[in-house]
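An overview of the molecular structure
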Amino acid sequence: MNQDELKKAVAQAALDYIRPHLDQDSIIGVGTGSTANCFIDLLANVRNDFDGAVASSDATAERLKSHGIPVYDLNSAAPLEFYVDGADETNEHLELIKGGGGALTREKIVAAVSKTFICIADESKLVGILGEFPLPVEVVPMARSYVGREIVKLGGDPVYREGFITDNGNIIIDIHNLDISRPIQVEEKLNNIVGIVTNGLFARRPADLLLLGTADGVKSISRQDG
């Protein structure tokens, strides 16, 4: 299977996993990106089986609405039973790097209030140590230079994502060459830098279930397995 087919396969696997648990009151957390879009398109086929969704970005909200799926504000919907989203990288412990699409803050919030976080990805995203994919951090614009200097002190190479503004009105700095062999500690250090809204490490709250698309089919990995 090519990468697009793998994305569709893991999206279908996620829908198959959650569908027996859905009812008319169910509200599903939905992530952002190409793999999450595959899941949204499949949700459209069962939109009468659940109430609606919480979106992790404006783009996701628009795609959901285009399929006739109601979108709720998280403040009126939490806690959520399921959150389904992709990842830029994952390790065997289901710790993730997310935010290539710039929606990391809202993604992290939705993940935090969800009972079960299901990550859907193809096998190219599974790595031994996180960090080959640049780690995004969302930054308040006036703190850009200061945050960059602090990132250098941690050993990373900060690169400003030019021309990109998040849904929250902030900027993104992508960190290259950072040692992420201890993801939880790195996540905490970055969060302690004044001016960083959040970072794209999902280590303190990793995924609960990874549905990994491979040439031999979809592999299911739970956090307990890791």
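About the cut-offs
- Residues numbered from 1 in each chain as written.
- Predicted model: local features only at pLDDT ≥ 70, side-chain atom pairs only at ≥ 80, totals over all residues.
- Heavy atoms only, no water.
- Helix = DSSP H or I, 4+ residues; strand = E, 2+ residues; numbered from the N terminus.
- Buried < 20%, exposed > 50% of the residue type's maximum accessible area, 1.4 Å probe, protein only.
- Contact = heavy atoms within 4.5 Å.
- Polar contact = N/O pair within 3.5 Å; in protein donor to acceptor, adjacent residues only side chain to side chain.
- Pairing = 2+ DSSP bridges.
- 1 Å grid on protein atoms, 1.4 Å probe; cavity = no way out; pocket = protein on both sides within 12 Å on 5 of 7 lines; lining within 4 Å.
- Points joined across faces, edges and corners; volume = space filled by probe spheres on them.
- Nonpolar A, V, L, I, M, F, W, Y, C, P; charged D, E, K, R; others polar.
- Axes fitted to C-alpha atoms, helices over the stretch in contact; angles between N-to-C directions.
- Patch = residues over 30% accessible without salt bridge, like charges linked within 9 Å, V, L, I, M, F, W, Y side chains within 5 Å.
- Areas by Shrake-Rupley, 256 points an atom, 1.4 Å probe, with all protein chains shown as cover.
- Salt bridge = Lys/Arg side-chain N within 4 Å of Asp/Glu carboxyl O.
- UniProt positions renumbered as here; feature names shortened; annotations may be inferred.
- Arc of directions from axis to C-beta.

1. A word on the overall build of the protein
Per the secondary structure count, the protein includes 6 helices and 13 strands. Overall size of the protein, expressed as C-alpha extent along the three principal axes, is 50 × 35 × 30 Å. Within the protein, buried positions represent 53% of all 226 residues. Counting contacts in the protein only where the partners sit at least 6 residues apart, residues at least 24 apart contribute 72% of the total.

2. Observations concerning the environment of Thr32
Inspection of the secondary structure puts Thr32 in the loop between strand 1 (27–30) and helix 2 (34–43). Setting aside residues up to four positions removed in sequence, Thr32 forms contacts with Ser56, Ser57, Thr60, Asp85, Ala103 and Glu107. Reaching out from Thr32, the side chain makes a polar contact with the side chain of Ser56 at a distance of 2.7 Å. A polar side-chain atom of Thr32 sits 2.7 Å from a polar atom in the side chain of Ser57.

3. Describing the sheet that holds strand 11 (residues 201–202)
On the basis of which strands lie adjacent, the open sheet formed by 3 strands has the order 4-5-11 and antiparallel pairing. Single-partner strands in this sheet number two, and they are strand 4 (89–90) and strand 11. Sheet topology places strand 5 (residues 96–97) next to strand 11; 2 bridges connect them, and they run antiparallel. Each bridged residue has a counterpart across the sheet, and for Leu96 the counterpart in strand 11 is Phe202.

4. Observations regarding empty space enclosed by the protein
In total, this model carries 1 cavity of 30 Å³ or more according to the counting rule given. Its volume calculated, the largest cavity comes out at about 40 Å³. If you trace the largest cavity, you find it lined by Ser56, Ser57, Gly102, Ala103, Arg106, Glu138, Thr166, Asp167 and Asn168. Looking at the lining of the largest cavity residue by residue, the classes come out as 1 nonpolar, 5 polar and 3 charged.

5. Considering the sheet that holds strand 6 (residues 114–122)
Hydrogen bonds between backbone atoms are what pair the strands of a sheet, whose relative direction is either parallel or antiparallel. Strands sit in the order 2-1-3-6-12-13 across an open sheet of 6 strands; the sheet is mixed. Lying at the two open borders of the sheet, with one neighbouring strand each, are strand 2 (52–55) and strand 13 (217–222). Direction aside, neighbouring strands of the sheet carry axes that sit 25 degrees apart on average. One ladder, built from 5 bridges, connects strand 3 (residues 80–85) with strand 6; its direction is parallel. Directly across from Asp85, in strand 6, lies its bridge partner Cys119.

6. Concerning a nonpolar patch on the surface
Taken together, the side chains of Val140, Met142 and Val197 present a nonpolar region at the surface, about 300 Å² in accessible area. With respect to the element layout, Val140 can be found in the loop between strand 7 (135–139) and helix 5 (144–153). A relative accessible area of 33% means that Val140 is categorised as partly exposed.

7. Overview of the UniProt feature "active site" (unreviewed entry) in the protein
Annotation from UniProt places "active site" (unreviewed entry) at Glu107. Structurally, Glu107 can be placed in helix 4 (residues 104–112). Discounting residues that sit within four places of it in the chain, Glu107 has contacts with Thr32, Ser56, Tyr83, Asp85, Lys98, Gly99 and Phe202.

8. A few points about helix 6 (residues 183–191)
Buried within helix 6 are the following residues: Pro183, Val186, Glu187 and Leu190. End-on, the buried residues of helix 6 take up no more than an arc of 100 degrees, which puts them together on one face. Tucked into the core, helix 6 has its buried residues touching helix 4, strand 7, helix 5, strand 9 (171–176), strand 10 (196–199) and strand 11.

9. Section: the pattern of salt bridges
Here the structure, examined in full by the defined rule, presents 12 salt bridges. Between Asp174 and Arg161 there is a salt bridge, with the nearest N and O atoms lying 2.8 Å from each other. Residue Asp174 is found in strand 9, and its partner Arg161 is found in the loop between strand 8 (157–160) and strand 9; the two are separated by 13 residues along the sequence. Measuring nitrogen to oxygen at the nearest pair gives 3.0 Å for the salt bridge that ties Asp208 to Arg205. Residue classification places Arg205 among the partly exposed positions, given a relative accessible area of 21%. Look at the salt bridges and you will find they share partners, linking Asp85, Lys98 and Glu107 into a network.

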